[in-house]
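One letter stands for each residue in the lines below.
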Amino acid sequence: MKILVTGGAGYIGSHTCIELIAAGHDVVVVDNLCNASEEALKRVGAICGQDIDFIEADIRDFNALDEVFSNHAVDAVIHFAGLKAVGESTRIPLAYYDNNVNGSRVLLSVMEKHKVNTLVFSSSATVYGDPASVPIREDFPLSATNPYGQTKLVVEQMCRETVAANPDLSIVLLRYFNPVGAHASGQIGEDPKGIPNNLMPFIAQVAVGKREYLSVFGDDYNTPDGTGVRDYIHVVDLAQGHVAAIEKSHGKAGCHTYNLGTGQGYSVLDMVKAFAQASGKEIPYKIVARRPGDIGQCYADPTLAKENLNWAAKKSLQEMVEDTWRWQSNNPQGYSS
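All of the points below concern the structure found in this document. Numbers given for residues are sequential positions, taken from 1 along each chain in its written order. The model is predicted, so local features are restricted to residues of pLDDT at least 70 and side-chain atom pairs to those at 80 or more, both for listing and for counting; the totals for chains, interfaces and linings are taken over all residues. Side-chain measures here rest on the full set of heavy atoms in the structure, leaving out hydrogens and waters.

## Side note on the overall build of the chain
Every helix listed is a DSSP run of H or I at least four residues long, and every strand listed is a run of E at least two residues long, numbered separately from the N terminus. The helix and strand inventory of the chain stands at 11 helices and 14 strands. The size measure is the radius of gyration over C-alpha atoms, and the globule rule it meets is 2.2 Å times the number of residues to the 0.38 power. Relative to a compact globule of 337 residues, whose C-alpha radius of gyration would be 20 Å, the chain shows 19 Å and is just as compact. Judged by the C-alpha coordinates and their principal axes, the chain covers about 55 × 45 × 40 Å. By residue count, 55% of the 337 residues in the chain fall in the buried class. For every residue, the accessible area obtained with a 1.4 Å probe (protein chains only) is divided by the maximum for its type, and the residue is called buried under 20%, exposed over 50%, and partly exposed between those limits.

Right, dumping it as structure tokens:
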């Protein structure tokens, strides 16, 4: 298939491009590079032994997207493009609604015009809000504790309603948990612009000497060590989940929802300890106040994805931290190293 990957120069998008090409698909990438680097796609091309077809464009621009679909015989779309930081979303909520909700609306409109009927949407475990229990199943109640999560909820609902109106449309909503790790080559990985919003790149930047210490947001949660517990999934496992979703859903009308996670929760301090062991570096940290919008614990029940997509996460915590360290130590300044 020829697959359009929106946000394909980003962290998860770039790894997914590699897995799509490895599975025999053709890839076209659209990205506005607001939180990504074209260098990532050059490295993807080097890893795969072929140039990546890249168009710099914003998914909110109907005419630009329309031109992409007119010039490429797109069979299906994987939609990553959007803003993704919980904390930032509480400060600039309107930007999140514009990028994430309006951008998705434009994309669906262009797909409809060109009769492209398969979409895999990058959703998030944040749509479960503060869950009453764990592990989290797909049929749990939905809510959001921050604007980022709310935008994912709105786009999910928009997808369900669009499928209800179009009997030919197939949309997969992938609710994934906390992506970490990097490609085993050490050539591509997570390269956040500015101060990292996610735990693993922050730990990695402390280990490489780019930052002085890690801020641990709260140690008074109802968890084994008081710090937040999350389901960390290797980005390559996650990318392979997208390949499974697009292959299983193509031509299969309806709206399908899956958790992508490991089913195992680790605390912030678990991750600090694991990374210190993998890197041989001390990770200084300070306990600070909780962040608005954060919850105590969140990990998946990934059974449905295993049953319906024949997919399960394979990579261990040790591989997650070792691959992150290989990427960060080889690229201390990210793609600008």
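Past the structure itself, the notes keep going.
## Some words on the pairing of strand 4 (residues 76-79)
Side-chain alternation along strand 4 places Ala76 and Ile78 on one buried face and Val77 and His79 on a second face that is also buried. In this sheet, strand 5 (residues 118-124) lies alongside strand 4 in parallel orientation, the contact comprising three bridges. Each residue of the ladder has a partner; that of Ile78, found in strand 5, is Val120. At least two bridges found by DSSP between two strands is the condition for calling them paired.

## Let's talk about the packing of helix 3 (residues 62-71) against helix 5 (residues 93-113)
Angles shown run from 0 to 180 degrees and are taken between the N-to-C directions of axes, each axis being a line fitted to C-alpha atoms and, for helices, limited to the stretch in contact. Taken N-terminus to C-terminus, the directions of helix 3 and helix 5 make an angle of 40 degrees; their axes are 10 Å apart at the nearest point. Considering their axes alone, helix 3 and helix 5 lie oblique with respect to each other. Judged by the twist between their axes, the crossing of helix 3 over helix 5 is right-handed. On helix 5, the residues that touch Phe62, Leu65, Asp66 and Phe69 of helix 3 are Val106, Leu107, Ser109, Val110, Met111 and Lys113. Under the scheme applied, nonpolar residues are Ala, Val, Leu, Ile, Met, Phe, Trp, Tyr, Cys and Pro; charged residues are Asp, Glu, Lys and Arg; polar residues are all the others, including Gly. The residue makeup of the contact of helix 3 with helix 5, split by class, is seven nonpolar, one polar and two charged. Any angle between 65 and 115 degrees counts as roughly perpendicular, while under 35 counts as roughly parallel, over 145 as roughly antiparallel, and the rest as oblique. The sense of a crossing depends on the near helix, which, turned anticlockwise from the far helix by less than a right angle, makes the crossing left-handed and, turned clockwise, makes it right-handed. Any two residues whose heavy atoms approach within 4.5 Å at even a single point are treated as in contact.

## Brief notes about the side chain of Glu19
For Glu19, the location among the structural elements is in helix 1 (residues 11-22). Beyond its immediate stretch of four places on either side in the chain, Glu19 contacts Val236, Ala239, Gln240 and Val243.

## What about the environment of Val29?
By secondary structure assignment, the location of Val29 is in strand 2 (residues 26-31). On the basis of relative accessibility, which here comes to 0%, the residue Val29 falls in the buried class. Sequence spacing of Val29 and Asp53 is 24 residues, and the spatial spacing of their C-alpha atoms is 6.2 Å.

## Concerning empty space enclosed by the protein
As defined here, a cavity is a set of points on a 1 Å grid over the protein atoms alone where a 1.4 Å probe fits but cannot get out. A pocket is an open set with protein on both sides within 12 Å along at least five of seven lines, and residues line them when an atom is within 4 Å of a point. Grid points are joined across faces, edges and corners, and a volume is the space filled by probe spheres set on the points. Tallying each qualifying case throughout the model produces five cavities of 30 Å³ or more. For the largest cavity, the calculated volume is near 70 Å³. Lining the largest cavity we find Tyr11, Val180, Gly181, Ala182, Glu190, Met200, Pro201, Ala204, Thr324, Trp327 and Gln328.

## Things to note about the pattern of salt bridges
For this analysis, a salt bridge means a side-chain nitrogen from Lys or Arg found within 4 Å of a carboxyl oxygen belonging to Asp or Glu. Using the criterion set out here, one finds 11 salt bridges in the structure. Among the ionic pairs, Asp66 bridges to Lys113, the shortest N-O distance being 3.0 Å. Taken together, the residues span a long stretch of sequence, with Asp66 in helix 3 and Lys113 in helix 5 at a distance of 47 residues. When the shortest N-O distance is used, the salt bridge between Asp323 and Arg326 registers 2.6 Å. Residue Asp323 and its partner Arg326 are located together in helix 11 (residues 317-330), separated by three residues, close to a single helical turn. Asp323 sits in the buried class, given a relative accessible area of 7%.

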